[in-house]
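Chain and residue survey
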Amino acid sequence: MIGDLAGYVAASFRRGIPYVQVPTTFLAQIDSAIGGKVGIDLPCGKNLVGAFYQPKLVFSDVACLSTLPVRQVRNGLSEAIKYGIIDDAPLFAFIEKHHKALLKADVKKMTELVERCSRIKAKIVAADEKETKGIRSFLNFGHTLGHAIEAAGGYDRFQHGEAIALGMRMAAEISVRSKLLSASQAERINHLIRRIAGNGR
Ligand SMILES: NC(=O)c1ccc[n+]([C@@H]2O[C@H](COP(=O)([O-])OP(=O)(O)OC[C@H]3O[C@@H](n4cnc5c(N)ncnc54)[C@H](O)[C@@H]3O)[C@@H](O)[C@H]2O)c1
Ligand SMILES: [Zn+2]
């Protein structure tokens, strides 16, 4: 949240000043600090005021992650699963294999995820910085419905990753009905998300 807000202020103040992202949550390190999308939510919708504005540097110190509450770790893992689904099947399998250690914020495993996910995000953003070529929109997997869930919860009931987890499950279900995904693939996605999200969500 701080990164989006500070980035948007940096984009607007004096029509743009240089800024650096120093993300301290798992989600911010693997996702929101990278790619230059900065913005804020309005009561009527997600990210309705914002800009594309690249930071000069993204500095992720994984030592920060050791103090995160488990809910925040789960939150970030949703986006990590997203990268596995859209771009990197071995990454998905890595999360399946190590989800227990990841939920305990195992520093070595989280460091590997931060590195692998950051590379995927940077690669996709470099190919389609302003989301005009149909490539960056892969990153929105689960987000159309997820953003609606966030808004319906008043941006308070669900954390971003929690809403996205539900959105990805719904997107998988729609894909099955559209015959774009097999039922077993959708179940594999559902199964991992349930294990990550906890409480059967
Ligand atoms: N710009 C983008 O491309 C992009 C991508 C994904 C998500 N987002 C946005 O990011 C926001 C969610 O960000 P978030 O998940 O980082 O949550 P957040 O910024 O709301 O932080 C969650 C909580 O964690 C605390 N915290 C931060 N670092 C900590 C640390 N090291 N130890 C202990 N506590 C710490 C914060 O004080 C806060 O209470 C959503 O608004 C979402 O829309 C933006
Ligand atoms: Zn997201």
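The structure reproduced in this document is the subject of the present report. (Residues numbered from 1 in each chain as written. Chains lettered and ligands numbered in written order. Predicted model: local features only at pLDDT ≥ 70, side-chain atom pairs only at ≥ 80, totals over all residues. Heavy atoms only, no water.)

Some thoughts on the overall build of the protein
We apply this condition: Secondary structure counts use DSSP, requiring at least four H or I residues in a row for a helix and at least two E residues in a row for a strand, with both numbered from the N terminus. Under the scheme applied here, a residue whose accessible area is under 20% of the maximum for its type counts as buried, over 50% as exposed, and between as partly exposed, the area being computed with a 1.4 Å probe on protein chains only. Contacts were defined at the residue level, with two residues in contact if any of their heavy atoms lie within 4.5 Å. Surface accessibility follows the Shrake-Rupley procedure with a 1.4 Å probe radius. Residue values consider only the protein chains on display as shielding. Positive residues here are Lys and Arg, negative ones are Asp and Glu, while His and the chain termini are left out of the count. Every charge is mapped to an atom, namely NZ of Lys, CZ of Arg, CG of Asp or CD of Glu.
Within the protein, the secondary structure is distributed over eight helices and four strands. Listing the helices and strands of the protein from first to last along the sequence gives α-β-α-β-β-β-α-α-α-α-α-α. Taking the principal axes of the C-alpha coordinates as reference, the protein spans close to 50 × 35 × 35 Å. Of all 201 residues assigned to the protein, the portion counted as buried reaches 43%. Long-range pairs, those at least 24 residues apart, make up 66% of the contacts in the protein between residues at least 6 apart in sequence. For the protein, the computed accessible surface area is about 10700 Å², with 58% contributed by carbon and sulfur atoms. Between the mean site of the 28 positive side-chain charges and the mean site of the 19 negative ones, the protein shows a separation of 1 Å.

Details of the site of ligand 1
Our working definition: If even one non-hydrogen atom of a residue comes within 4 Å of a molecule or strand, that residue is called near it. Any N or O atom pair separated by 3.5 Å or less is treated as a polar contact, with the protein-specific requirement of one donor-capable and one acceptor-capable atom, and with residues adjacent in sequence counted only for side-chain atom pairs.
The environment of ligand 1 is formed by 17 residues, the closest being Thr24, Thr25, Lys37, Lys46 and Thr67. One of the side-chain N or O atoms of Thr24 is found 2.7 Å from a nitrogen atom in ligand 1. Burial of ligand 1 by the protein chains amounts to 69% of its free accessible area of 880 Å². When residues of the shell around ligand 1 are traced back to their parent elements, those giving at least two are α2 (26-32) and α3 (70-86).

Focus: a nonpolar patch on the surface
For clarity, the cut-off: Put simply, a patch holds well-exposed residues, over 30% relative accessible area, that have no salt bridge, with like charges counted together within 9 Å and Val, Leu, Ile, Met, Phe, Trp or Tyr side chains within 5 Å. Should a side-chain nitrogen of Lys or Arg be within 4 Å of a carboxyl oxygen of Asp or Glu, the pair is scored as a salt bridge.
A contiguous nonpolar surface patch, about 620 Å² in accessible area, is contributed by Met1, Ile2, Leu5, Val9, Phe13 and Ile40. Per element, the largest residue contribution to the nonpolar patch is three residues, and it comes from helix α1 (residues 2-12). Mapped onto the elements, Met1 comes out in the segment before α1. Owing to a relative accessible area of 76%, Met1 belongs among the exposed residues under this scheme.

Some remarks on unusual backbone geometry
Of note in this structure, Tyr155 is not a glycine but carries a positive phi near 55°. Examined against the element boundaries, Tyr155 turns out to sit in the loop between α6 (143-152) and α7 (160-177). Within the chain, Lys179 stands out as a residue other than glycine whose phi angle is a positive 60°. Overall, the relative accessible area of 75% leaves Lys179 in the exposed class.

Looking at the packing of aromatic side chains
Let me state the cut-off plainly: Each pair of aromatic rings taken from Phe, Tyr and Trp, with Trp reduced to its six-membered ring, is defined by centres within 6.5 Å and is described as stacked if the planes are under 30 degrees apart, edge-to-face if over 60, and tilted in the remaining cases. We call a charge positioned over a ring when the NZ of a Lys or the CZ of an Arg lies within 6 Å of the ring centre and within 35 degrees of the ring normal.
Counted according to the given criterion, the structure contains one aromatic pair. Ring centres of Tyr19 and Tyr53 lie 5.6 Å apart, and the angle between their planes is 5°; this geometry places the pair in the stacked category. Remark: Tyr53 occurs in the loop between β3 (45-52) and β4 (57-58) and Tyr19 occurs in the loop between α1 and β1 (20-21); sequence separation between them is 34 residues. Among the residues examined, Tyr19 registers a relative accessible area of 9% and is labelled buried. A cation over an aromatic ring shows up here: Lys82 above the ring of Tyr83, its NZ or CZ 5.0 Å from the ring centre.

Looking at the pattern of salt bridges
Summed over all chains, the structure comprises 13 salt bridges. Between Asp31 and Lys121 there is a salt bridge whose closest N-O contact spans 2.6 Å. On the criterion of sequence distance, the pair formed by Asp31 in helix α2 and Lys121 in helix α5 (residues 107-127) is long-range, its members being 90 residues apart. Side by side, Asp31 and Lys121 carry an identical accessibility label, which is buried. The residue Lys82 makes a salt bridge to Glu79 at a minimum N-O spacing of 2.9 Å. Within this pair, Lys82 and its partner Glu79 are both found in helix α3, separated by three residues, close to a single helical turn. With respect to burial, Lys82 and Glu79 carry one shared label: buried. Several salt bridges converge on common partners, so that one network encompasses Asp31, Glu79, Lys82 and Lys121.

Quick look at the pairing of strand β2 (residues 37-42)
Which entries qualify depends on this criterion: Two strands pair under a simple rule: DSSP has to find at least two bridges between them.
Sheet topology places β2 next to β3; five bridges connect them, and they run antiparallel. Counterpart to Gly39 in the pairing with β3 is Gly50. Counting the residues in the hairpin turn of β2 and β3 gives two residues.

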